[in-house]
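What follows is the residue order along each chain.
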Amino acid sequence: MSQEYGADQIQILEGLEAVRKRPGMYIGSTSSRGLHHLVYEIVDNSVDEALAGFCTNIHVWIKPDNSIVVEDDGRGIPVGINHKSGLPGVEVVFTILHAGGKFGGGGYKVSGGLHGVGASVVNALSTWLTVNVYNEGKIYEEKFARGQKLSDLTVVGECDHEKHGTRVSFLPDPEIFKETQVYDFSVLRQRLREMAFLTKNLRIELHDERPGQERDEKYHYEGGIKEFVKYLNKSTTSLYDDIIYCEGSRGNVYVEVAMQHNDSYNESSYSFVNNINTPEGGTHLTGFRNAITKTFNEYARKNKILKDSEDNLSGEDIREGLTSIVSIKIEDPQFEGQTKQKLGNTEARNAVESLFTEQLTYYLEQNPNVAKIICEKSIQSQRAREAARKARDLTRRKSALDGLSLPGKLADCSDKNPKNCEIFIVEGDSAGGSAKTARSRATQAILPLRGKILNVEKARLDRVYGNEEIKAMITAFGTGIHDDFDISKLRYDKIIIMTDADVDGAHIATLMLTFIYRFMPELIKQGHVYLAQPPLYKLEKNKKVWYAYSDDELSKIIDEVGRDQNNKIQRYKGLGEMDAEQLWETTMDPARRVLLRVAMDEESVSDVNLTFMTLMGDKVEPRREFILENAKYVKNLDI
Ligand code: TSJ
């Protein structure tokens, strides 16, 4: 018996050793992203307790030493002996891999976090971790170091009999993480806020105690996902005041839906199962979409907004400019698809479809003004889509007639293997000229664009198709857009945006990124999009030349070569000031250049989408707030 117990112990150690050997397998990465993941893994446990109905307050502290404390007022992790292992429940949770789902009765079984592996992984990757449980007047404590227990679970004090809950403190291990001092308040806030939106009546507080950046915030939304939709639409103009909302249960499925149209042309749909985001959707999202399409078409026909002779509105037409959240709670979620992220339960589709059809039909009957606004917007969208289809077919027919029909301004490369090729999208004809002279013809293509391209955030599809600069990009890339998008047709492995290193250049780069994000997001997700980094300064001395890409770098170079009259320093105001040779050696030569790869960090569902809405949308105040919050160089500047 005792031998068996010993064997178990060895297994436990091996389990957590594996986590330390391959941390990336358990938390995704050991960068700052992985560091934030540790916090989510712990907080998810408290949120589960809230979903089960036993916890209403969660506090998260970033301590001055960069340790993290998470505390909730739930039932407390069980301190009794777990029969299977002969260990206290708490110890099982922190020392055995995948212990997450083994406890608990009733409520919704949820496995939040990246792989639902939870507390033991955080423990393995922390220099130290302390857990306290408050229960029936006692304070329990157990301490660990790098996953190994330092002592048995003991009672260390007494507390009020009313008090109950769990408190976990930990310090991420610098042997594992590249950086351990880089908690980003706004990243944590985004995720915690989302959790609060999705769990009505849950209060989450975030406290930053790091010297010089102390602050406290509270996330509590009585309206739940209704307030989530309001928040997502804050930088747009909404088409009507109501947030259309539906709530209810069908069998084992609890359904919540909230939606509101804004005056943009993009759909922002987010779906969740047991508070876990399902970016690939699934049956719950299908149910929602079926309900919308069916209900609006029926309403429009019945009220003669759509004539008998006219085509049905498509789902896409109705969802143009729609911001929506579908959130369901289900006992036994089945995930399908390659990445196991798509909900498969058919009862979820039936539940969402029937509940939402019923409540939306009733809402439209009661609110004919809103119904009319949505129907009319949908009809406009239908017309624009038809015009866009004609424009697209025209381009296609033209390409079929005269071969590939690449844009006239494109200087293509000769190598026909996309893997070897890159395309520079260059601001302005003159820089485009230099780039054409400078390039390596075999593998580098140049597409010069004139001036500022269309802001697609404020334009409908038909106008987008009518824009020469955008059409040129679409044909040059080769992939098509939206539903037509096909990555296998991509003609260049790298798409490199090359703009001046000034405010206008940054604006143009942002416009291009907006276009790519809205029409071909896969290009960014799969890492094909880059920003070129032209130098800011040239320093010449005794016929030798140095280039500096930042002010810091310039000072370093000056320190090296000495500060004297022979230094000739030039500040580049644009790509146009460089001759072809300079452009080649500083910005285009694969052996010497610096490229920034554009990546999307979609930790919180709404992050990237909301950023584009805020930066490129038509409301000024949210943009001003965003800039004040995020700009590195304009702190305290009144802009
Ligand atoms: F991650 C973690 F395990 F470290 C952790 C767990 C961290 C934090 C801050 C809180 C929690 C946690 C766990 N809060 N609440 C709970 N609840 C339970 O573990 C629990 C308690 C009672 C019962 C029961 O069936 O009586 C079941 C469970 C899952």
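Right above here is the structure, for reference.
Since the structure is predicted, the reported quantities are computational estimates derived from the model, not experimental observations.

What about the overall build of the protein?
Working step 1: When helices and strands are counted, the protein shows 20 helices and 26 strands.
Working step 2: Taken over C-alpha atoms, the radius of gyration comes to 28 Å for the protein, in line with the 26 Å a tight globule of 639 residues would show.
Working step 3: Counting the 639 residues in the protein, one finds 50% classified as buried.
Working step 4: Counting only contacts in the protein whose residues sit at least 6 apart along the sequence, the fraction spanning at least 24 positions is 68%.
Working step 5: Of the roughly 30,500 Å² that the protein leaves accessible, carbon and sulfur atoms contribute 49%.
Working step 6: If you average the places of the 83 positive and of the 96 negative side-chain charges in the protein, the two averages end up 6 Å apart.

Points about the pattern of salt bridges
Working step 1: As enumerated under the stated definition, the model contains 37 salt bridges in all.
Working step 2: The residue D152 makes a salt bridge to K149 at a minimum N-O spacing of 2.6 Å.

Considering the environment of G480
Working step 1: Relative to the elements of secondary structure, G480 occurs in the loop between α14 (468-477) and β21 (494-498).
Working step 2: As for G480 and I204, which are separated by 276 residues in sequence, their C-alpha atoms are 44 Å apart.
Working step 3: In this view, G480 contacts F485 and M520; residues no more than four positions away in its chain are not counted.

Structural notes on the site of the ligand
Working step 1: Close to the ligand lie 17 residues, the nearest being N45, E49, D72, R75 and F94.
Working step 2: Note that a nitrogen atom of the ligand is positioned 2.9 Å from one of the side-chain N or O atoms of E49.
Working step 3: Take D72: an N or O atom from its side chain is 2.7 Å from a nitrogen atom of the ligand.
Working step 4: Protein contacts shield 82% of the accessible area of the ligand, which totals 610 Å² for the unbound molecule.
Working step 5: Listing elements by their share of the shell around the ligand, those giving two or more residues are α3 (32-51), β2 (68-72), α4 (89-95) and β9 (165-172).
Working step 6: Among the elements that line the shell around the ligand, the one with the most residues is α3, at four residues.
Working step 7: Of the residues assigned to the shell around the ligand, the class counts are eight nonpolar, six polar and three charged.

Focus on the pairing of β21
Working step 1: For β21, the buried fraction is high: four of the five residues fall into the buried class.
Working step 2: Pairing of strand β19 (residues 422-427) with β21, which is carried by five bridges, proceeds in the parallel orientation. The residue bridging V426 from the neighbouring strand is M498, located in β21.
Working step 3: Of the strand pairs in this sheet, β21 and strand β22 (residues 529-532) are connected by three bridges, and their pairing is parallel. In the strand pairing of β22, I495 is matched with V529.

As for the packing of aromatic side chains
Working step 1: For the coordinates displayed, the defined rule picks out eight aromatic pairs.
Working step 2: The interplanar angle of 20 degrees and the centroid separation of 4.0 Å between the aromatic rings of F197 and Y221 together place this pair among those described as stacked. Here F197 is found in helix α6 (residues 185-198), whereas its partner Y221 is found in the loop between β11 (215-219) and α7 (225-232), with 24 residues between them in sequence.
Working step 3: Using a relative accessible area of 2% as the deciding quantity, one classes F197 as buried.
Working step 4: For the ring pair F228 and F272, a centre distance of 6.4 Å and an interplane angle of 40 degrees mean the geometry is tilted. Separated by 44 residues along the polypeptide, F228 in helix α7 and F272 in strand β14 (residues 268-273) bring together distant segments of the chain. Taken individually, F228 and F272 each receive the classification buried, so the pair is uniform in this respect.

Let's talk about the packing of helix α8 (residues 283-302) against helix α10 (residues 346-366)
Working step 1: Look at α8 against α10: their axes get within 7 Å of each other, and the N-to-C directions meet at 30 degrees. By the angle between their axes, α8 is roughly parallel relative to α10. For the pair α8 and α10, the crossing hand works out as right-handed.
Working step 2: For the contact of α8 with α10, a count of residues per class yields 10 nonpolar, nine polar and five charged.

Describing the side chain of E427
Working step 1: By the element assignment, E427 lies in strand β19.
Working step 2: Among the residues examined, E427 registers a relative accessible area of 14% and is labelled buried.
Working step 3: One polar contact links the side chain of E427 to the main-chain amide nitrogen of D500, over a distance of 2.8 Å.
Working step 4: Leaving out residues up to four positions away in the same chain, E427 has contacts with L449, M498, T499, D500, G505 and I508.

Comments concerning the environment of N66
Working step 1: Following the sequence through the fold, N66 ends up in the loop between β1 (57-62) and β2.
Working step 2: Overall, the relative accessible area of 7% leaves N66 in the buried class.
Working step 3: Contacts of N66, omitting those with residues within four sequence positions, involve L171, P172, T180, Q181, Y183 and R210.

Focus: the sheet that holds strand β13 (residues 253-261)
Working step 1: Strands sit in the order β12-β13-β16-β14-β15 across an open sheet of five strands; the sheet is mixed. A single partner strand is all that each edge strand has here, and the edge strands are β12 (244-250) and β15 (276-277).
Working step 2: Relative to strand β16 (residues 322-329), β13 runs antiparallel, the two sharing eight bridges. Counted as the bridge partner of V257 is V326 from β16.

Structural notes on the pairing of strand β24 (residues 544-548)
The side chains of a regular strand alternate, residue by residue, between the two faces of the sheet.
Working step 1: Where strand β23 (residues 537-541) meets β24, five bridges bridge the pair, whose relative direction is antiparallel. Across the sheet, the residue bridging to E540 is V545, located in β24.
Working step 2: Here β23 hands over to β24 after two residues, with N542 in that stretch at a positive phi of 45 degrees.

Points about the nonpolar core
Working step 1: Membership of the largest hydrophobic core comes to 62 residues, with the highest contact counts inside it found for F94 and F170.
Working step 2: Sorting elements by how many residues they give to this core places α3 first, with eight residues.
Working step 3: Core analysis: the second largest hydrophobic core is formed by 45 residues, C421, I508, V529 and F612 among them.

Comments concerning the packing of α3 against α6
The description of two packed helices rests on the angle between their axes and on the distance between the axes.
Working step 1: It is at 11 Å that the axes of α3 and α6 come closest, and there the two elements cross at 20 degrees. The orientation of α3 relative to α6 falls into the category roughly parallel. At the point where α3 passes α6, the crossing takes the right-handed sense. Contact residues: H36, V39, Y40, V43, D44 and V47 in α3; V187, L188, R191, L192 and M195 in α6.

Parameters at a glance
Residues numbered from 1 in each chain as written. Predicted model: local features only at pLDDT ≥ 70, side-chain atom pairs only at ≥ 80, totals over all residues. Heavy atoms only, no water. Helix = DSSP H or I, 4+ residues; strand = E, 2+ residues; numbered from the N terminus. Rg over C-alpha atoms; globule rule 2.2 N^0.38 Å. Buried < 20%, exposed > 50% of the residue type's maximum accessible area, 1.4 Å probe, protein only. Contact = heavy atoms within 4.5 Å. Areas by Shrake-Rupley, 256 points an atom, 1.4 Å probe, with all protein chains shown as cover. Lys, Arg positive; Asp, Glu negative; His and termini not counted. Charge placed at Lys NZ, Arg CZ, Asp CG, Glu CD. Salt bridge = Lys/Arg side-chain N within 4 Å of Asp/Glu carboxyl O. Near = heavy atom within 4 Å. Polar contact = N/O pair within 3.5 Å; in protein donor to acceptor, adjacent residues only side chain to side chain. Nonpolar A, V, L, I, M, F, W, Y, C, P; charged D, E, K, R; others polar. Pairing = 2+ DSSP bridges. Phe/Tyr/Trp six-rings, centres within 6.5 Å; stacked < 30°, edge-to-face > 60°. Axes fitted to C-alpha atoms, helices over the stretch in contact; angles between N-to-C directions. Parallel < 35°, antiparallel > 145°, perpendicular 65-115°, else oblique. Left-handed = near helix turned anticlockwise from the far one by under 90°. Core = buried A, V, L, I, M, F, W, Y, C linked by side-chain atoms within 4.5 Å.

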